[in-house]
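# What the coordinates show
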Amino acid sequence: QHLKMSKQTDLTAEVLLEKRGGAAIITLNRPKVLNALTLSMIQQIYPQIKTWEQDPETFLIIIKGTGGKAFCAGGDIRAIADAGKVGDRLARDFFREEYILNNAIGTCKKPYVALIDGITMGGGVGLSVHGHFRVATEKTLFAMPETAIGLFPDVGGGYFLPRLSGKIGYYLALTGFRLKGRDVLKAGIATHFVESEKLPALEKDLIALKSPSTENIADLLNSYHVKSKVDQEKEFVLDEHMEKINSLFSANSMEEIVKKLKQDGSPFAIKQLETINKMSPTSLKMTLRQLREGASMSLQDVLMMEYRLSQACMRGHDFYEGVRAVLTDKDQSPRWKPAALEEVSDEFLDDCFKPLGNNDLKL
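Reading guide: rules and limits
- Residues numbered from 1 in each chain as written.
- Predicted model: local features only at pLDDT ≥ 70, side-chain atom pairs only at ≥ 80, totals over all residues.
- Heavy atoms only, no water.
- Helix = DSSP H or I, 4+ residues; strand = E, 2+ residues; numbered from the N terminus.
- Buried < 20%, exposed > 50% of the residue type's maximum accessible area, 1.4 Å probe, protein only.
- Areas by Shrake-Rupley, 256 points an atom, 1.4 Å probe, with all protein chains shown as cover.
- Lys, Arg positive; Asp, Glu negative; His and termini not counted.
- Charge placed at Lys NZ, Arg CZ, Asp CG, Glu CD.
- Right-handed = clockwise from strand over helix to strand, strands pointing away.
- Pairing = 2+ DSSP bridges.
- Core = buried A, V, L, I, M, F, W, Y, C linked by side-chain atoms within 4.5 Å.
- Contact = heavy atoms within 4.5 Å.
- Salt bridge = Lys/Arg side-chain N within 4 Å of Asp/Glu carboxyl O.
- Axes fitted to C-alpha atoms, helices over the stretch in contact; angles between N-to-C directions.
- Phe/Tyr/Trp six-rings, centres within 6.5 Å; stacked < 30°, edge-to-face > 60°.
- Parallel < 35°, antiparallel > 145°, perpendicular 65-115°, else oblique.
- Left-handed = near helix turned anticlockwise from the far one by under 90°.
- Nonpolar A, V, L, I, M, F, W, Y, C, P; charged D, E, K, R; others polar.

Glancing now at the overall build of the protein chain. Secondary structure assignment for the protein chain yields 17 helices and 10 strands. Each of the three principal axes of the protein chain carries a C-alpha extent, and together these read 60 × 50 × 35 Å. Residue burial in the protein chain is summarised as follows: out of 363 residues, 55% are buried. In the structure as shown, the protein chain presents an accessible area of about 15,900 Å², 52% of it carried by carbon and sulfur atoms. Taken as two groups, the 47 positive and 47 negative side-chain charges of the protein chain have centres that lie 3 Å from each other.

Burial analysis of strand β3 (residues 60-65) places five of its six residues in the buried class, which makes it a mostly covered element. The parallel pair strand β2 (residues 23-28) and β3, bridged by helix α2 (residues 39-54), forms a crossover whose chirality is right-handed. Across three bridges, β3 lies against strand β5 (residues 112-116) in parallel orientation. The residue of β5 that forms the bridge with Ile61 is Tyr112.

This part covers the nonpolar core. Of all hydrophobic cores here, the largest spans 95 residues; its most connected members are Ile26, Leu28 and Phe319. Apart from residues lying up to four places away in sequence, Leu28 is in contact with Glu14, Val15, Asn35, Met41, Ile45, Ile63, Lys64, Gly65, Thr66, Phe71, Cys72 and Leu127. The next biggest cluster of nonpolar side chains, apart from the first, holds 18 residues, and it includes Ile62, Leu115, Val135 and Leu199.

Before going further, it helps to spend a moment on the pattern of salt bridges. Summed over the entire model, instances satisfying the criterion amount to 20 salt bridges. Where Asp93 meets Arg89, a salt bridge forms, and the shortest distance between an N and an O atom there is 2.7 Å. For Asp93, a relative accessible area of 8% corresponds to the buried category. On the basis of relative accessibility, which here comes to 52%, the residue Arg89 falls in the exposed class. Residue Lys234 is joined to Asp231 by a salt bridge in which the shortest nitrogen-to-oxygen separation is 3.3 Å.

Pairing in this open sheet of four strands is mixed, and the strands run β4-β6-β8-β9 from one edge to the other. On the outer flanks of this sheet lie β4 (70-72) and β9 (179-180), each paired with one strand and no other. By the bridge criterion, two bridges tie strand β8 (residues 141-143) to β9 in an arrangement that is antiparallel. Each bridged residue has a counterpart across the sheet, and for Leu141 the counterpart in β9 is Lys180.

Here the focus is the sheet that holds β2. Taken in spatial order, the six strands of this open sheet run β1-β2-β3-β5-β7-β10, and their pairing is mixed. Since the sheet does not close on itself, it has two edges, and those belong to β1 (15-20) and β10 (192-193), each with one partner. Across the sheet, α2 lies against β1, β2, β3 and β5, angled at about 20 degrees from β1, the strand it touches most.

Applying the stated criterion across every chain yields a total of six aromatic pairs. Seen in terms of ring centroids, Phe95 and Tyr99 are 6.0 Å apart; in terms of plane orientation they differ by 65 degrees. Their pairing is edge-to-face. Of the two residues, Phe95 and Tyr99 are both situated in helix α4 (residues 90-106); the distance of four residues between them amounts to about one turn of the helix. In terms of burial, Phe95 and Tyr99 fall into one category: buried. Summarising the aromatic geometry, the rings of Tyr171 and Phe268 are spaced 5.9 Å apart at their centres and angled 40 degrees between planes, so their arrangement reads as tilted. In this pair, Tyr171 sits in helix α7 (residues 168-175) while Phe268 sits in helix α13 (residues 267-278), placing the two residues 97 residues apart along the sequence. Its relative accessible area of 1% is what places Tyr171 among the buried residues. For Phe268, a relative accessible area of 9% translates into the label buried.

What follows deals with the packing of helix α3 (residues 77-85) against helix α16 (residues 318-328). Where α3 contacts α16, the two axes come as close as 10 Å, and the packing angle between them is 140 degrees. Between α3 and α16, the interaxial angle falls into the category oblique. Crossing of α3 over α16 shows left-handed handedness. Facing α3, whose interface residues are Ile77, Arg78, Ile80, Ala81, Gly84 and Lys85, α16 presents Phe319, Tyr320, Val323 and Leu327. In terms of residue class, the contact of α3 with α16 is made up of seven nonpolar, one polar and two charged.

Turning to the environment of Ala340, a few remarks are in order. If you trace the backbone, Ala340 turns up in the loop between α16 and α17 (346-352). Along the chain, Ala340 and Asn277 lie 63 residues apart, while their C-alpha atoms are 8.9 Å from each other.

Each regular strand displays side chains that alternate between the two surfaces of the sheet. Among the six residues of β2, six are classified as buried, and the element is accordingly described as predominantly covered. In β2, alternate side chains face the same way, and those of Ala23, Ile25 and Thr27 on one face and Ala24, Ile26 and Leu28 on the other are all buried. The sheet contact formed by β1 and β2 spans six bridges and is antiparallel. Within the sheet, the bridge partner assigned to Lys19 lies in β2 and is Ala24. In this antiparallel pair of consecutive strands, β1 and β2, the connection spans two residues, and Gly21 shows a positive phi of 60 degrees.

What follows is the structure, given as structure tokens:
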């Protein structure tokens, strides 16, 4: 045990796993790359959560990031793209093991507290949103930006996004809109809001709790939450657009959403059209169907569906083109194929959602 602990606190480790008091603490430790999630990090975190879940001396699990800029900016997309191009198994393993971890967080028997201080996107959302408690700060920057790189809002996005109030989730999923600070709480993604500078004290108090119940933990989080005054009087950034979001994004096809946006013609609608026009048409259609179907599915069934979609993206064109345009060449000018929504057929989409038989995700 002593040997293991000294290895785990190695400063170069990608993820630190430790027990302090009644709390288990996961620290994502790749600050130079905004704590982007690798397969090896997933493979360390998952068994540790399962072990802690069985440990009578562990009362809660805390997850946080180092470096002050990000909780976790997402999965290691470039590694996945490199693997997918040459048919390397990482393009299967990464998604499979990541989704298994997302499910472990969503079903965790111990209270799970994610301190989402800083950038929290994609894979970072998957490490936090399915847990009991998500603590945002004034530095939190949330987004699901996948449609811009030929992917879809995975890590259980098909489960949590359609369950946000009104059509907020559909809006966030299709446009990749970024929520900041207290708005992450107001959108229903975070459960609490605490000033960033108070997190060390909060963490210390969480560690010091004696055999706490979920309710004790909630009370402590609430006590910090009610004391935080930053941006308290500010209205939710999407408030003034909520009616439009709810009507425009309730259409049951992408073509119809675009038509409604054009007919609306307001500055807000025009801005959304400009954003949607930059996204992968395939990703947009895949995402709308993912959320519409996911709205009435269990987290497990959603993750199984998303695994199928991930593999369809690995077989396709747009993911590699999106990574090239956004991450590699950075020209921000992806050439999507097909280039128009009308050209993405229902037959093609049906194929993306088809079971993979023996290769399906098993949870």
